[in-house]
Amino acid sequence: MTTNKHQPVGVFDSGIGGLTVANAISKLLPNEQIIYFGDTAHMPYGDKSKELVSSYADKITDFLLKEKNCKTVVIACNTASAAAYELLRDKYKGVVPVINVIDPMIEAIVADDTIKKVGIIATKTTISSGVYQEKFSRRKPSLNFSAVATPLLASMIEEGYYNNDISTAILENYLSDPDLKDIDALVLACTHYPLIKKEISAFFHNKIKIFDSAEVVANKLQWILQKEGLANEQKAHPDTFYVSDFTASFEKTTKIFYGHQIRLELCNIWHGE
Ligand code: DGL
């Protein structure tokens, strides 16, 4: 497998939440062609086992690299990053860079010395993996942290429930968890959550720092592409957005994650298995 700067960047998620990351990438790096894969057939990942999520992530990465000739892969999903990053990083070491959404976030938090206690909200699988907790303890033992699973949020957002009474009630229930008391920063450790960032901030009276993956991951990708001599100077092909199960509703929902509606193409890489 040879790599050059003209090849596309592969981005994947359990569904369409990772479009928040793809959108940040296309804004920061407009010369990069994105091939997005949303595994809508297996969504949500957040209540599945690490082993199953890892096997999905492995297959999608294989597709992006071998079928779509990507020069790098961004795991635009916290749950898949928690379950499969080490496996994919080691498998493609020296071949292509694999970027996850967790490490750039950890770097941003530990670099900020005003943060004494950080909260993490995410899917059940991300929280129970202990990845954030382990990395914070190792990188900055003086940092206090607490992790709270918020399993309803991703589906709630995907159904269009945000900035309304229902989302406010659900958020209030999760965010008033005693473990999140006295935090001065909160990590939105799910790529769906940027959509409810304002609501979350309002719950904390706009007094704490809220971090989401989209921009920190786009910045990390930019840094890696430049370091590896893989940054493209001119985009020659349009972006493509694949899903493993197509419905008109998914296509309509892309608008909330990407800013404008995009065309989804069905590509079932599990076909025949
Ligand atoms: N977007 C996924 C993440 O970042 C969560 C959605 C799901 O459960 O599939 O964890």
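Just above, that's the structure.
A. Spatial organisation of the site of the ligand. Neighbouring residues of the ligand: 13 residues in total, closest S14, Y45, G46, N78 and T79. S14 places a side-chain nitrogen or oxygen 2.6 Å from an oxygen atom of the ligand. Measuring from an oxygen atom of the ligand, one finds a backbone N or O atom of G46 at 2.8 Å. Relative to its free-state accessible area of 290 Å², the ligand is covered by the protein chains to the extent of 98%. A class-by-class count of the residues in the shell around the ligand yields five nonpolar, seven polar and one charged.

B. View of the packing of aromatic side chains. For the structure shown, the criterion picks out 10 aromatic pairs. The interplanar angle of 45° and the centroid separation of 6.1 Å between the aromatic rings of Y36 and F241 together place this pair among those described as tilted. Note that Y36 is positioned in strand β2 (residues 34–38) and F241 in strand β9 (residues 240–243), a separation of 205 residues in sequence. A relative accessible area of 6% means that F241 is categorised as buried. Aromatic pair F203 and F204: ring centres 5.0 Å apart, planes at 85°, arrangement edge-to-face.

C. Layout of the nonpolar core. Core analysis: the biggest nonpolar cluster contains 71 residues, and I121, F136, L186 and I200 have the highest contact counts within it. With sequence-adjacent residues up to four places away left out, F136 is seen in contact with I106, I109, V110, V118, I120, P141, L143, F145 and V187. I60, A83, V96 and C267 belong to the second-largest nonpolar core, a separate cluster that totals 27 residues.

D. Structural context of unusual backbone geometry. Here M43 and P44 are connected by a cis peptide whose omega angle stands at 0°. Counting through the fold element by element, P44 comes out in the loop between β2 and α2 (50–67). With phi around 65°, D182 is a residue other than glycine that occupies positive phi space. Counting through the fold element by element, D182 comes out in the loop between α8 (165–175) and β7 (185–188). Exposure remark for D182: the relative accessible area of 62% places this residue in the exposed category. Despite not being glycine, H205 shows a phi value in the positive range, around 55°. Mapped onto the secondary structure, H205 falls in the loop between α9 (197–203) and β8 (209–212).

E. Quick peek at the environment of F250. For F250, the location among the structural elements is in helix α11 (residues 248–258). Overall, the relative accessible area of 12% leaves F250 in the buried class. Residues contacting F250, with those up to four places away along its chain left out, are I16, T40, M43, D245 and L264.

Each value, and the rule that gives it
- Residues numbered from 1 in each chain as written.
- Predicted model: local features only at pLDDT ≥ 70, side-chain atom pairs only at ≥ 80, totals over all residues.
- Heavy atoms only, no water.
- Near = heavy atom within 4 Å.
- Polar contact = N/O pair within 3.5 Å; in protein donor to acceptor, adjacent residues only side chain to side chain.
- Areas by Shrake-Rupley, 256 points an atom, 1.4 Å probe, with all protein chains shown as cover.
- Nonpolar A, V, L, I, M, F, W, Y, C, P; charged D, E, K, R; others polar.
- Phe/Tyr/Trp six-rings, centres within 6.5 Å; stacked < 30°, edge-to-face > 60°.
- Helix = DSSP H or I, 4+ residues; strand = E, 2+ residues; numbered from the N terminus.
- Buried < 20%, exposed > 50% of the residue type's maximum accessible area, 1.4 Å probe, protein only.
- Core = buried A, V, L, I, M, F, W, Y, C linked by side-chain atoms within 4.5 Å.
- Contact = heavy atoms within 4.5 Å.

Functional significance is not addressed by these values, which are geometric in nature.
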